[in-house]
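A look at the structure
Below, each chain spelled out in residue letters.
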Amino acid sequence: MTKTTLLSILIGWTALSLSEVDTSSADEPLNDLEGTWRVISMETDGVVRSKEIDENTRLTFIGNKLVLTTIIGTLASGGRPEDYKKTPLKLERTFEIHPNRMPKQIDVTSPRGDSETMLGIYSIDGDKLTLCVSTSMALGRPEKFVTAADSGVTLTVLTRVKE
């Protein structure tokens, strides 16, 4: 998987305006997403992604910010195994959630405005988070937690990291 493909898959998780979230208690997280999550599985356009992505990718929700950390493997132009490099990657985005809609909705945006907002849906069941996002705004928001060939949709399942 190229760095560009991974970026397009992962870039869509990041824009939260907490206008619809109850923030009445300072002792409680601002929303159910708050904290760090580890990717268990990822599927784009009906194709399951590499386990290496799963093992190395974390999403951390802090307030209205989403921080994605991962390691990207790249192969230099020679294509030799010894040229394989693992490069850390950190992306920061903002996100907006709409927890009262069914299914719950999330919009992820670059804080610099250098990429389009990615529209998605999410579900939380205990320590399991399921995200389903379109890789382009032109595709609209997914309505179900599924991907298919050429759908432009990424489905990601994550588990909460225990602190």
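Quick caveat, the model's predicted, so the values are computed rather than measured.

**A few points about the pairing of strand 1 (residues 35-44)**
- One ladder, built from 4 bridges, connects strand 1 with strand 3 (residues 58-62); its direction is antiparallel. Across the sheet, the residue bridging to R38 is R58, located in strand 3.
- Here strand 1 pairs with strand 9 (residues 153-160) via 7 bridges, running antiparallel. When the sheet's bridge partners are listed, R38 is paired in strand 9 with T159.
- Two strands pair when backbone bridges link them, and strand 1 and strand 2 (residues 47-48) are joined in this way by 2 bridges, in the antiparallel orientation.

**Examining the confidence of the model for the chain**
- Across the chain, the average pLDDT comes to 77, with 71% of residues at or above 70.
- For the chain, helix 1 (residues 3-10) is the element with the lowest average pLDDT, namely 42, and strand 8 (residues 128-134) is the one with the highest, namely 96.
- Low confidence marks residues 1-29, where pLDDT is under 50. Its contacts with residues over four positions away, or in another chain, come to 78 contacts.

**Remarks on the side chain of T70**
- Among the secondary structure elements, T70 is positioned in strand 4 (residues 65-75).
- T70 gets classed as buried once you look at its relative accessible area, which sits at 4%.
- Engagement of the side chain of T70 in a polar contact is seen with the side chain of T57, the distance being 2.7 Å.

**Observations regarding the pairing of strand 7 (residues 118-125)**
- As paired strands, strand 6 (residues 104-109) and strand 7 are joined by 5 bridges and run antiparallel to one another. Its bridge partner being in strand 7, Q105 is matched across the sheet by I121.
- Taken together, the 6 bridges between strand 7 and strand 8 define a ladder with antiparallel strand orientation. Bridge pairing in strand 8 links Y122 to L131.

**Here we look at the environment of P142**
- If you trace the backbone, P142 turns up in the loop between strand 8 and strand 9.
- Take P142: its relative accessible area is 10%, and that puts it in the buried class.
- Remark: the alpha-carbon pair of P142 and G152, spanning 10 residues in sequence, is separated by 9.6 Å.
- With residues near it in sequence (within four places) discarded, P142 still touches L119, G120, I121, C132, V133, S134 and V153.

Criteria and cut-off values
- Residues numbered from 1 in each chain as written.
- Predicted model: local features only at pLDDT ≥ 70, side-chain atom pairs only at ≥ 80, totals over all residues.
- Heavy atoms only, no water.
- Pairing = 2+ DSSP bridges.
- Helix = DSSP H or I, 4+ residues; strand = E, 2+ residues; numbered from the N terminus.
- pLDDT = per-residue confidence, 0-100.
- Contact = heavy atoms within 4.5 Å.
- Buried < 20%, exposed > 50% of the residue type's maximum accessible area, 1.4 Å probe, protein only.
- Polar contact = N/O pair within 3.5 Å; in protein donor to acceptor, adjacent residues only side chain to side chain.

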